Each structure stands twice: as structure tokens, then as C-alpha cells.
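Residue strings, one per chain:
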Amino acid sequence: MSKRDARVGLLFASPWILGFLIFLTYPLIASLIYSFTNFSILRPPKLIGLQNYNELFHDEVFYKSLSNTLLYVAGAVPLSTVVAIALALLLNTKVKGMSVYRTMFFLPTLVPMVALGTLFSWVFNGDFGLLNEAFHKVNDSRAMDLISSARSILLQAPYHKISVPPPNWMGDPAWTKWTLILISIWGCGQAMVIYLAGLQDVPVSLYEAAELDGAKLWAKTMKVTLPMISPVILFNVVMAIIGSLQIFAVPYVMFPGGAPARSTYFYASYLYDNAFQYQRMGYASAMGWVLFVITLSLTLIALKLSEKHVHYESN
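Residues numbered from 1 in each chain as written. Predicted model: local features only at pLDDT ≥ 70, side-chain atom pairs only at ≥ 80, totals over all residues. Heavy atoms only, no water.

Peer 1: Looking at this structure, how should I read the side chain of S244?
Peer 2: Mapped onto the elements, S244 comes out in helix α12 (residues 230-245). Accessibility expressed as a relative area gives 10% for S244, which makes it buried. Within the structure, S244 has its side chain in polar contact with the backbone oxygen of A240 (distance 2.8 Å). (Helix = DSSP H or I, 4+ residues; strand = E, 2+ residues; numbered from the N terminus. Buried < 20%, exposed > 50% of the residue type's maximum accessible area, 1.4 Å probe, protein only. Polar contact = N/O pair within 3.5 Å; in protein donor to acceptor, adjacent residues only side chain to side chain.)

Peer 1: Mind showing me how you'd approach the environment of P44 here?
Peer 2: Take P44: it is sitting in the loop between β1 (37-38) and β2 (46-47). Owing to a relative accessible area of 68%, P44 belongs among the exposed residues under this scheme. It is 18 Å that separates the C-alpha atoms of P44 and L28, two residues lying 16 residues apart in sequence.

Peer 1: What am I meant to see in the pattern of salt bridges here?
Peer 2: This model, assessed by the stated rule, comprises three salt bridges. Notably, a salt bridge pairs K220 with E211, separated by 2.9 Å at the nearest N-O pair. The partner of K304 in a salt bridge is E307, with the nearest N and O atoms 3.6 Å apart. (Salt bridge = Lys/Arg side-chain N within 4 Å of Asp/Glu carboxyl O.)

Peer 1: Just checking my understanding: could you explain the packing of helix α11 (residues 217-228) against α12 for this structure?
Peer 2: Working note: a packed helix pair is described by the angle between its axes plus the distance between those axes. Contact pair α11 / α12: the axes reach a minimum separation of 4 Å and the direction vectors enclose 60°. Viewed along their axes, α11 and α12 adopt a mutual orientation that is oblique. Here L226, P227 and M228 of α11 lie close against α12, whose contacting residues are S230, P231 and I233. Looking at the contact of α11 with α12, its residues break down into five nonpolar, one polar and no charged. (Axes fitted to C-alpha atoms, helices over the stretch in contact; angles between N-to-C directions. Parallel < 35°, antiparallel > 145°, perpendicular 65-115°, else oblique. Contact = heavy atoms within 4.5 Å. Nonpolar A, V, L, I, M, F, W, Y, C, P; charged D, E, K, R; others polar.)

Peer 1: Sorry if this is basic, but what is going on with the layout of surface pockets here?
Peer 2: Space left empty within the atom packing is revealed by a probe, the size of a water molecule, rolled over the atoms. Here the largest pocket defines a volume of roughly 830 Å³. Lining the largest pocket are 33 residues, with S184, G187, A240, G243 and S244 positioned closest to its centre. When residues of the lining of the largest pocket are assigned to their parent elements, the largest contribution, seven residues, is made by α12. Considering only residue class, the lining of the largest pocket consists of 23 nonpolar, ten polar and no charged. The volume enclosed by the second largest pocket comes to roughly 550 Å³. Lining the second largest pocket are 16 residues; nearest its centre among them are L89, N92, T93, Y207 and T225. At the level of secondary structure, the elements contributing two or more residues to the lining of the second largest pocket comprise α10 (204-212) and α11. Examining the composition of the lining of the second largest pocket, we find that five residues originate from one element, α11, more than from any other. In terms of residue class, the lining of the second largest pocket is made up of seven nonpolar, five polar and four charged. (1 Å grid on protein atoms, 1.4 Å probe; cavity = no way out; pocket = protein on both sides within 12 Å on 5 of 7 lines; lining within 4 Å. Points joined across faces, edges and corners; volume = space filled by probe spheres on them.)

Right, here's the structure in full:
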């Protein structure tokens, strides 16, 4: 390559290089420096060494927000992964109008997070929410009367109508995290599209060989499909872990201040409050770097655990 070609290449790449340096590299380095300072935005930063980190590891709210976040990750990542794979398997079949179905399942991922939080605030409302109204309709249905009658006859007991009390999704700390975990399914369309692309790369000859050996649908799925798309599963799981650790907008809209009883006060919310409400930018920067270490650690653990379970066709 001549020097002229190199200069031309750098010229075309310069917008990306400048953007990378200005909007990623500089903030990254600045946040690391600020994490060792007392910086309130309005005053110049003052170097305080490891004081922010020392205070952080003695902060009860930090541990509460971290535990809430890790519990959310433990519930949302497996659930959204299973749902996304199941949808991809269904949408990989040859059915008329399949492109329409694929579009319908992908469209929810385009809804802005603030709008999504507002929408589900109505769906999960304990007093007049759509989901609890459905519970009331089921309780008042003829089917519940029949079940109650059958129960009284089988047990030879007085008739007592069975009802399913609706949970207080947004008011009971025992249900608030489950509410957000269920909402995480809404955005699985993006992962579904990636799984769908992986499924279409699975060689048909492997299915034919499995059928010759007498394998049924479940056996083909477990022994052929999932091993062949395991690199795609690993990628989506890692991305889901990173995204779930940064959950912010939906709980911030649905549960202001992490209510009730800080059961929905997540790590990103506490970081935001420290930075922009308490104006403790140095402390927030330290939180950001701790989150980076946690994210990196979980990613490396996922990669390590996947070594014996991920199949690469080249191997």
C-alpha cells in the first residue's frame, strides 16, 4: 500500500476515528480520573485517592441496588433467552405469510423505553390494570364455577368458589422484580432475529441424518439445532447480561425512586442519582468502573463456562 492510499484511507476513516476519540476514549479516560476525585460538576475536581471506592464498598444502598440488579439479571436473561429461541424455532417453519409474523414479533423492540414503561404502568396497575382485569374476568367466568363445583363433589365438601387473587404487581416488593422480568420478554425480538439467522445456517443434511437414525422433533432440536446455534446463543446471552446490568429507563418510569421499599432501585438508577441529583460525579464515576469490572467478570465467566458447550463448525 502506498503512502497516498494510506492517507486516503485515513481521510475516509477520520469521521469514525474522531467520533471514537471524542465520544468514547476521552469520556472513558476522564471517568477513570474523576473516580479518584471529589467532583461536583460546579467545582473543579479535587484528588482524594481511593476514598470514593472505600465509601462505595461501605454503602448499604450500593449493595441493595447491586443485589436488585443481579437478581434481575438472573431472572431476565434465562427467560428472555428461552422465549427468543422458542420464537425463532416457530418462525423458522415454512408457513404462508411467515415474513409478516416475523415482522410482528420484531416490531415491539422498536418501542422507546419511556413509552414502554408508561404502557406497562397501565398493564400492571394493581387497581385498574389490564392484567388484573383479566384475572377478575377469569374468576367470574363459568369455567371457574365448574371447577369449584367439581372440587366440592370430588372432596364431598360444601361448595366454595375458587378464585385466583391477582398479584399487586407494582405495590408488593415480592412481585416488582417479577414484573420487570416479565417485561423483559417484550424486547426479545432482536435476539430472535439473530437466532433465526443462525437457524437458517444449520445444514439440512444434519437433520436428514438424524431422521435416518429415527430422531424425533425434540431429539433433533436438542442434538442438532441447539449445538449448531450454540455460538449464537453465547453471543446473545453475553449481550443480554450486559444489557440487563444497565437496566434503567423502564424501572425509572414505572417505579420512581425504586419504590416500593427500594425493591426496584437498580444499579444504573443509583449511579444516575449520584451523578445528576446529588452531583457527586466522582462517586458516580467510581460506580461506573465497578460496574465495568462486574460486567467484564460475568462475561468472562460466561465465556469460560461455554468452552465445553459451544460448538464451532470449523472444529
